[in-house]
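# Commentary on secondary and tertiary structure
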Amino acid sequence: MPRSVNSVAKRARRKKVLKQAKGFFGRRKNVWTVAKNAVDKAMLYSYRDRRTKKRNFRSLWITRINAGARQHGMSYSQFMGSMKNSGIELNRKVLADLAMNHPEAFAAIVNKVK
């Protein structure tokens, strides 16, 4: 009896990968073996960087809060310690937004925790 091959599923798998490779440059978009490797690598990067993005944003928020606090004579660590002691529970994302876009509101918070 001849060997049975499932060409329909094989073609569907390949089409799925080539669809994911749409927009890639050169042979990465249309040659199966190259596209498969490129898509695998892209998926790896996207998984890893979804976690890295969270770290990067927290770092950005801390930098912005630090800059805003230093304009009022406090360091970031002093400011955050004072926030905790005074019982103000604003997260870093909100504080960074206030420091960037609403400096008068941020100044009011700094004056309250001093």
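These remarks concern the structure in this document. (Residues numbered from 1 in each chain as written. Predicted model: local features only at pLDDT ≥ 70, side-chain atom pairs only at ≥ 80, totals over all residues. Heavy atoms only, no water.)

### Some details on the packing of aromatic side chains
Geometry of an aromatic ring pair is reported as the spacing of the ring centres plus the angle between the planes. One pass over the structure, following the stated rule, counts two aromatic pairs. Between Phe57 and Trp61, the aromatic rings sit 6.1 Å apart at their centres with planes inclined by 40°, giving tilted as the arrangement. Here Trp61 and Phe57 lie together in helix H2 (residues 32-70), a separation of four residues that amounts to about one turn. Note on Phe57: relative accessible area 42%, which makes it partly exposed. (Phe/Tyr/Trp six-rings, centres within 6.5 Å; stacked < 30°, edge-to-face > 60°. Helix = DSSP H or I, 4+ residues; strand = E, 2+ residues; numbered from the N terminus. Buried < 20%, exposed > 50% of the residue type's maximum accessible area, 1.4 Å probe, protein only.)

### A word on the nonpolar core
If you look at the biggest cluster of nonpolar residues, it comprises 15 residues, and the most contacted ones within it are Ile65, Phe79, Met83, Leu95, Phe106 and Ile109. Of all elements in the fold, only H2, helix H3 (76-86), helix H4 (92-101) and helix H5 (103-113) reach the threshold of two or more residues within this core. When residues no more than four places from it in sequence are discounted, the contact partners of Ile65 are Tyr76, Phe79, Arg92, Leu95, Ala96 and Phe106. (Core = buried A, V, L, I, M, F, W, Y, C linked by side-chain atoms within 4.5 Å. Contact = heavy atoms within 4.5 Å.)

### Comments concerning the side chain of Ser75
Within the element layout of this structure, Ser75 appears in the loop between H2 and H3. Reaching out from Ser75, the side chain makes a polar contact with the side chain of Ser77 at a distance of 3.3 Å. Once residues within four sequence positions are removed from consideration, Ser75 is found in contact with Asn66, Ala69 and Arg70. (Polar contact = N/O pair within 3.5 Å; in protein donor to acceptor, adjacent residues only side chain to side chain.)

### Observations regarding a positive patch on the surface
Together, Arg3, Lys10, Arg13, Arg14 and Lys16 make up a region of like positive charge exposed at the surface. On the secondary structure map, Arg3 appears in the segment before helix H1 (7-20). Accessibility expressed as a relative area gives 72% for Arg3, which makes it exposed. (Patch = residues over 30% accessible without salt bridge, like charges linked within 9 Å, V, L, I, M, F, W, Y side chains within 5 Å. Areas by Shrake-Rupley, 256 points an atom, 1.4 Å probe, with all protein chains shown as cover. Salt bridge = Lys/Arg side-chain N within 4 Å of Asp/Glu carboxyl O. Lys, Arg positive; Asp, Glu negative; His and termini not counted. Charge placed at Lys NZ, Arg CZ, Asp CG, Glu CD.)

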